[in-house]
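Close look at the chain arrangement
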Amino acid sequence: QVQLVESGGGLVQPGGSLRLSCAASGSILSDNGWDWYRQAPGKKRELVAVITGGGERRYAGSVKGRFTISRDNAKNTMYLQMNSLKPDDTAVYYCVLTQYGREYWGQGTQVTVSS
């Protein structure tokens with residue numbers, strides 16, 4: 001059974017940085033695709049960043065140049081480094097692992113950007 005646990009969320013001032021982590025437990029393949037989504041109050045869930053099994057990275061236009069997705073296969077962990085945070089980045093952030101065509105979701109971690 002695959003389980004994902006996110007951490008690293010919190011309250012940060014505009015312009016600040018946070019690093020989210022997503023640790024996977026269970027039988028994890030090293031060539032999985034990982035995603036970060038976010039959902040702000042009253043808004044649709046948004047795909048923020050993708051890292052494929054081959055290491056290709058893609059970002060939503062709203063975060064490109066500010067966020068960096070990465071993975072450590074030895075630790076079965078994915079990261080999202082978020083810099084130059086804006087109030088519009090406030091949301092619950094979810095990590096998603098896709099393995100054998102099935103999606104596994106974390107419980108979400110709150111990120112609040114406010115002065």
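Just above sits the structure.
So, here's what we can say about the structure. (Residues numbered from 1 in each chain as written. Predicted model: local features only at pLDDT ≥ 70, side-chain atom pairs only at ≥ 80, totals over all residues. Heavy atoms only, no water.)

1. Quick notes on the nonpolar core
The biggest cluster of nonpolar side chains holds 29 residues, and the ones touching the most others in it are Leu4, Trp36, Leu80, Met82 and Tyr93. Elements supplying a minimum of two residues to this core: strand 3 (18-25), strand 4 (33-39), strand 5 (46-51), strand 7 (67-72), strand 8 (77-82), strand 9 (91-99) and strand 11 (109-113). When neighbours within four sequence positions are excluded, Tyr93 is seen to be in contact with Glu6, Leu20, Trp36, Tyr37, Arg38, Val48, Phe67, Leu80, Met82, Gly108, Thr109 and Val111. (Core = buried A, V, L, I, M, F, W, Y, C linked by side-chain atoms within 4.5 Å. Buried < 20%, exposed > 50% of the residue type's maximum accessible area, 1.4 Å probe, protein only. Helix = DSSP H or I, 4+ residues; strand = E, 2+ residues; numbered from the N terminus. Contact = heavy atoms within 4.5 Å.)

2. Describing the pattern of salt bridges
Enumeration over the complete set of coordinates arrives at 4 salt bridges. A salt bridge links Asp89 to Arg38, with the shortest nitrogen-to-oxygen separation between them at 3.0 Å. Separated by 51 residues along the polypeptide, Asp89 in the loop between strand 8 and strand 9 and Arg38 in strand 4 bring together distant segments of the chain. Each member of the pair, Asp89 as well as Arg38, is classed as buried. A salt bridge links Asp89 to Arg66; the shortest N-O distance between them is 2.8 Å. Taken together, the positions of Asp89 in the loop between strand 8 and strand 9 and Arg66 in the loop between strand 6 (57-59) and strand 7 put the pair 23 residues apart, joining distant regions of the chain. For Arg66, a relative accessible area of 10% corresponds to the buried category. (Salt bridge = Lys/Arg side-chain N within 4 Å of Asp/Glu carboxyl O.)

3. Details of the pairing of strand 1 (residues 3-7)
Only one face of strand 1 is buried, namely the one carrying Leu4 and Glu6, since none of Gln3, Val5 and Ser7 on the opposite face is buried. Alignment of strand 1 against strand 3, held across 5 bridges, turns out to be antiparallel. The residue of strand 3 that forms the bridge with Gln3 is Ser25. (Pairing = 2+ DSSP bridges.)

4. Considering the side chain of Arg66
At 2.9 Å, the side chain of Arg66 forms a polar contact with the backbone oxygen of Ser84. Leave out the neighbours within four places in its chain, and Arg66 touches Gln81, Met82, Asn83, Ser84, Leu85, Lys86 and Asp89. (Polar contact = N/O pair within 3.5 Å; in protein donor to acceptor, adjacent residues only side chain to side chain.)

5. Topic: the sheet that holds strand 3
Reading across the sheet, the 4 strands line up as 1-3-8-7 and stay open at both edges, with antiparallel pairing between neighbours. Single-partner strands in this sheet number two, and they are strand 1 and strand 7. Pairs of neighbouring strands in the sheet enclose a mean axial angle of 15°, with direction left out of account. Pairing between strand 7 and strand 8: 6 bridges, direction antiparallel. When the sheet's bridge partners are listed, Arg71 is paired in strand 8 with Met78. (Axes fitted to C-alpha atoms, helices over the stretch in contact; angles between N-to-C directions.)

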